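Coordinate analysis (summary)
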Amino acid sequence: MESLTPRRVAALYPAQLARLVPRRGAAGWDVIASDDLREIAQAQPELLGALYLPGELPSDLPPLYALGPAVWRDAPYPPVGRADQGQRQVALRALETLLGMLGPGPLPPSPRGLRLKSLQAALGRSEVIVAGGGKVGRAVLSLARQGHLRTRLISDHPSALTKPEPWAGAQHVLSSARAVLWASDRPLAPLLESLSPNCALVVLSDLSDADREAALATLPARAGTALSLYRPVDLPQVPGLVALSDSPRRQALAMAQFLRHLERHPR
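In this report, the structure presented in the accompanying data block is examined. Computed from a prediction, not measured in an experiment: that's the story for all the values here.

1. Considerations on helix H4 (residues 112–123)
An α-helical turn contains 3.6 residues, so any two residues separated by three or four positions project in the same direction. With twelve residues, H4 should cover 16 Å at 1.5 Å per step; its first-to-last C-alpha distance of 17 Å lies within 8% of that length. Inspection of H4 places Arg115, Leu116, Leu119 and Leu123 among the buried residues, and these make up the whole buried set. Buried residues of H4, viewed axially, fall in a sector of 100°; they line one side. Turned more than 90 degrees off the buried face of H4, the exposed positions are Lys117 and Ala121. Contacts made by the buried residues of H4 are with helix H3 (86–102), strand S6 (128–131) and helix H5 (135–146). Directly after H4, the chain includes Gly124, whose backbone phi takes a positive value near 65°.

Below, the structure is given as structure tokens:
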């Protein structure tokens, strides 16, 4: 006999996330998905799992579960939950991208340790600057240290990994870098002129429109630029620019954590 207990409703944004939900779903829950946040709000779900959020938001959104780094940064209010450890996947992708930009040829199909060794050989004694001491920045720094890369961190917060350089001296520090891994929410545009012409820039944060336009306008001034995209953005197909979308594997892991979160909170 079918249970008369009403099922709870959780929502996903955007609708493409529905393909990551297995057939069994989450016990006791109906999981809906839509590209229209107003439609989601009208369904009155108890929880919203979002990969990113657009600029304009309905005022009656349910509590938020962050499924991606874009929501970690700019949530309109503190999330009730988040799919953690995504910063490790972002950090690994950043260093592999840097190897693809500076190394001799395509990425080797080899274990992480060998890729880090290849990146170390490509950099030589040049420094890698990690800008930003948050979770993503610390994950990048930790992975770079495992590969014995010469690194410096720019942050105004103490770090257990290294003594950071303060943001007040960021222009001087960036001017000597062979590669910059930008993992900060601070404005990027004012510091772009500080980068040397042979510098490679890998952006891991979700840039504002102004910072992204500034980075695109100054592409020829750098050896290469990689922009991480956590939401749909149209970028020009030009040499020297690599566009990185949120990893499908990381999204699948985040969805699994979201469903476990639902199952741990039955009625």
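Alright, that's what it looks like, and here's the rest.
2. Notes on the pairing of strand S10 (residues 224–229)
Across the six residues of S10, six count as buried, placing the element largely inside the fold. Covered by surrounding structure in S10 are Gly224, Ala226 and Ser228 together with Thr225, Leu227 and Leu229, the residues of both alternating faces. Note that strand S9 (residues 200–203) and S10 share four bridges and pair parallel. Note that in S10 the partner of Val203 across the bridge is Leu227. Regarding topology, helix H7 (residues 209–217) serves as the crossover connection from S9 to the parallel S10, and that connection is right-handed. Bridging between S10 and strand S11 (residues 241–245) involves five bridges; their strand directions are parallel. Pairing of Leu227 across the sheet is with Ala243, part of S11.

Cut-off values and rules
Residues numbered from 1 in each chain as written. Predicted model: local features only at pLDDT ≥ 70, side-chain atom pairs only at ≥ 80, totals over all residues. Heavy atoms only, no water. Helix = DSSP H or I, 4+ residues; strand = E, 2+ residues; numbered from the N terminus. Expected span 1.5 Å × (residues − 1). Buried < 20%, exposed > 50% of the residue type's maximum accessible area, 1.4 Å probe, protein only. Arc of directions from axis to C-beta. Contact = heavy atoms within 4.5 Å. Pairing = 2+ DSSP bridges. Right-handed = clockwise from strand over helix to strand, strands pointing away.

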